Amino acid sequence: MPNILIRGGRVIDPASGADRVADVALADGKVAAVAPFASLPRSPADHVIDAEGCLVTPGLIDPHVHLREPGFEDKETLATGTRAAVFGGFTTVCCMPNTSPALDLPELLGFIRERARETALCRVFPVAAITKGRHGEELAELALMARAGAVGFSDDGDCVGSTALMARALADARPTGLAIMQHAQDVTLTRGAPMHAGVVSARLGLAGWPRVAEEVIVERDIRLNRSIGCRYHVQHVSSEGTVEIIRRARADGQPITGEASPHHLLLTDEACDGYNTAAKVNPPLREWRDVRALREGVADGTITLLGTDHAPHTADEKLLPFEEAPFGLVGLDTALPLYAEALVDSGAIDWPRLVALLTIEPARLCGLDALGLGSLALGGPADVTIIDPGLSWTVAEADLSGKGRNTPFLGRAVRGRAVATIVAGVVRLARRPVAAP
Amino acid sequence: MSTTSRGPAPTVASREDAPGLVVPAGVVPPPTDRWTSRHLLGLGTLSPGEIRAVLRRARELAPLSASLGPRDDNPDTPWALARREGQRLAGRVVANLFFEDSTRTRTSFTVAARRLGAEVVDLFVIASSVSKGETLIDTAKNVEATGVDALVVRARQAGAAALLADHVRCSVVNAGDGGHEHPTQGLLDAYTIAEAHGRLDAFDLAGLRVAIVGDIVASRVARSNIAGLTRLGAEVVCVGPPALAPRSLEVLGCRVSHDLDEVLPTVDAVMMLRIQFERHGTPAVAPLPGAAPKRSAAIASVREYRTFYGLSEERAERMKPSAVVIHPGPINRGIELDHAVADGPRSVVLRQVRHGVAVRMAALSMCVLASA
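In what follows, the accompanying structure is described. (Residues numbered from 1 in each chain as written. Chains lettered and ligands numbered in written order. Predicted model: local features only at pLDDT ≥ 70, side-chain atom pairs only at ≥ 80, totals over all residues. Heavy atoms only, no water.)

1. Points about the overall build of chain B
Right, so step 1: A count of helical and extended segments in chain B gives 12 helices and nine strands.
Right, so step 2: Counting every position in chain B, which comprises 372 residues, the buried fraction comes to 55%.
Right, so step 3: Residue pairs at least 24 apart in sequence account for 73% of intrachain contacts in chain B once pairs closer than 6 positions are excluded.
Right, so step 4: Total accessible area computed for chain B in this model is approximately 15,400 Å², and 54% of it derives from carbon and sulfur atoms. (Helix = DSSP H or I, 4+ residues; strand = E, 2+ residues; numbered from the N terminus. Buried < 20%, exposed > 50% of the residue type's maximum accessible area, 1.4 Å probe, protein only. Contact = heavy atoms within 4.5 Å. Areas by Shrake-Rupley, 256 points an atom, 1.4 Å probe, with all protein chains shown as cover.)

Okay, structure coming up:
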């Protein structure tokens, strides 16, 4: 693999606090040097990427994607999902276990590792199921799966509803050092509910999924965990009240984290009007007060993770009536400018903090910082994303590089885009010319 | 995907009727120029003027929603009206595409379409799951491809009619979509209330108060009635236990009460809805196999429900003398409505059924001719 020289970009490495215009040299799949602008000699064999006006960051990490393999290859595969990842600037994704079969055995984690090695364009780490078959009845082999490469545990798509089972999961996961990631939804409060309980659901004649169904689970789990001390992560926070619950728990010193998704940071239940299945997602889009609370949570450090919850579905499935269409929308291609719009353009945080939320924070959540991911430390993996924060574009179907077309953001004018994605020293995406020798 | 027909209609003042429109007797006007839609998907997206346009048309057609009596070839008789209207959809095909069975609604649409001279085909598609088989859209497109001019759609999913309207070129008339709307029922209820209170001239229901009692939350009939009646100027109060009449319904423009005895003496019409046991999830105790479930997770017991929300003979006596009782059917006699009230002098239940034909004739002809 050729050496790569990235010249003249604003290098932001939140792990070290670095933020300056500099050159970055990559050699043998590792970060070889980060040095003042134009100070690195260009060797004849180098590929050179001009990054002036761009941000040069550690490769972006998405801790929450659905790659649908094995079992739902008509929706997505590791190959197509990781293509969408690198097109969106991500060098690492953590895939959820709601596949068929569910990722509930160490052997299946081995399958993911093999398929990733053969077909993926970026790094893929599996989040393993908490319960066998994700049925919420019997605990899976958390310790064995931790040893086999799991980077967290979740029954995502379904909540671990049983209090006793959650208590055991937290206890069993505690010694692994990995986080229990909860899809918080008390299903007894959300039966048949395809969207947020509010004005729009009342008008459309649809059952409503109330905020409190998320909040009671998070409140319960935090209470359970108080005497256990496992790392506990709330996936795709959607409710104002949940933000407040997490804020209090963190202030109390508990090992709790929360995650926000691009759609929850930008859209409300109005997006579902006209029975728009592209905006049907679980947990549902809520109201402006929830959007505001999530942004405030990011701003004050309550919410420290961002995850796309990339959830591809086939066009046919999203053409079903609203109540029957599946939940979920694709997010990898469009996430970066949407995060920027919701969080940086709104003034909630600045670019260095956003980069931290997309690099070192998810690396820490999933224990990937131990592999050197999420930072630009010398000798660490050469995973780099180059972002043009001013690049304006309009989201079109042609911009969606996975299999799914299910997004409510089609036609939206956005700003900011990955112009190069480098995974382990290999340029996987280059929207700017790479000068070869 | 086009969403033009699926979003809420803008409320524009110019879509209002010109007041005092007079229709000369015996002259059947062309379809009103104020109705431009190929589809009737719900009342919540219509303006008061559009709703009145359909009701006015229904009033003209009212003589046809009954037996015409002895044959009479003179002009200005129902027979002459029948001959004229019998040409309106001649050569056209109306397909009843019912994914849920409903004898009374389907029959009413059939009679209405035949009165207009259309051919009618009935299609029952009772499928428990469409997700992996033929989809709703596939089915509708296949039916349309046989050359039908209008689809009358009944489905158990909210938004189904709007979804099909986006994917077919012919007219779509919503005959009930899940918990969303049942617009022709809303129209015929408004017509019946207007008739009972002498408001057929302008369909202005200002000053009237209507209570809708019972299972509001699962009811498409309630949603269409709230939308239709409030647009015509009436005040609507929804009454029921909190699980069936939650406060959140107030966003629809109605009041919510949990006290029928307080509301009943103040209203000019009361609509009793049945509890849709089948839409409220599995009861805590499963009924015996084969037995019709008469328990709902939404109520503690039928007895308690009837005690507080049933319209007994005794309760009905406390209504205003002019107040009427309506019910969209089917009636759970002895639960929400006592026999004596259902068949009593206040009941205009059969007037409702009768007006359904005229309302559906109006809706079908206006939609089909708008698309021609």
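2. Structural notes on the sheet that holds strand 1 (residues 93-98) of chain B
Residues and elements named next belong to chain B.
Right, so step 1: The sheet built from four strands is open, its strands ordered 2-1-3-4 with parallel pairing. Of all strands in the sheet, those bounded by a partner on one side alone are strand 2 (119-124) and strand 4 (171-177). Direction aside, the axes of adjacent strands within the sheet are offset by 15 degrees on average.
Right, so step 2: Both strand 1 and strand 2 contribute to a ladder of six bridges, which runs parallel. Residue Val94 lies in a different strand from strand 2, and its bridge partner there is Val120.
Right, so step 3: Docked against the sheet, helix 4 (residues 136-145) engages strand 1, strand 2 and strand 3 (150-155), running at close to 160 degrees with respect to strand 1. (Pairing = 2+ DSSP bridges. Axes fitted to C-alpha atoms, helices over the stretch in contact; angles between N-to-C directions.)

3. Considerations on the interface of chain A and chain B
Right, so step 1: Across the boundary between the two partners, chain A contributes 16 residues, which contact 22 residues of chain B.
Right, so step 2: Taking both sides of the interface into account, the surface hidden between chain A and chain B amounts to around 1,500 Å²; carbon and sulfur atoms contribute 63%.
Right, so step 3: Summed over the three residues of chain A that lose the most area to chain B, namely A:Tyr275, A:Leu319 and A:Pro321, the buried surface amounts to 33% of that side.
Right, so step 4: Seen at the junction of chain A and chain B, the total is one salt bridge.
Right, so step 5: Between A:Glu324 and B:Arg156 there is a salt bridge whose closest N-O contact spans 3.1 Å.
Right, so step 6: Our enumeration of links across chain A and chain B arrives at five residue pairs in polar contact (both at pLDDT 80 or more). (Buried area = accessible area lost by both parts, 1.4 Å probe. Salt bridge = Lys/Arg side-chain N within 4 Å of Asp/Glu carboxyl O. Polar contact = N/O pair within 3.5 Å; in protein donor to acceptor, adjacent residues only side chain to side chain.)

4. Description of the sheet that holds strand 8 (residues 269-272) of chain B
Residues and elements named next belong to chain B.
Right, so step 1: One open sheet holds the five strands; their spatial order is 7-6-5-8-9, and the pairing between them is parallel. On the outer flanks of this sheet lie strand 7 (255-257) and strand 9 (324-326), each paired with one strand and no other. Across the sheet, the mean angle from the axis of one strand to that of its neighbour is 25 degrees, orientation sign disregarded.
Right, so step 2: As paired elements, strand 6 (residues 235-239) and strand 7 share three bridges and run parallel to each other. Residue pairing across strands places Val239 opposite Ser257, the latter belonging to strand 7.

5. A short note on the packing of helix 1 (residues 78-88) of chain A against helix 2 (residues 106-119) of chain A
Residues and elements named next belong to chain A.
Right, so step 1: Following both chains from N to C, one finds helix 1 and helix 2 inclined at 65 degrees, their axes separated by 9 Å at the closest point. Judged by the sense of rotation from one axis to the other, the crossing of helix 1 with helix 2 is right-handed. Counted together, Leu78, Ala79 and Thr82 of helix 1 and Ile112, Arg115, Ala116 and Thr119 of helix 2 form the full contact between these two elements.
Right, so step 2: For the contact of helix 1 with helix 2, the per-class residue count stands at four nonpolar, two polar and one charged. (Left-handed = near helix turned anticlockwise from the far one by under 90°. Nonpolar A, V, L, I, M, F, W, Y, C, P; charged D, E, K, R; others polar.)

6. Describing the pattern of salt bridges
If charged atoms from side chains of opposite charge come close, those side chains can pair.
Residue and element names in this part refer to chain A.
Right, so step 1: Enumeration over the complete set of coordinates arrives at 38 salt bridges over all chains.
Right, so step 2: Of the charged contacts, one joins Lys75 and Glu317 as a salt bridge, the two residues approaching to 2.7 Å between their closest N and O atoms. One end of the pair, Lys75, is in the loop between strand 6 (60-65) and helix 1; the other, Glu317, is in helix 10 (residues 315-318), with 242 residues separating them in the sequence. Assigned by exposure class, Lys75 and Glu317 land together as buried.

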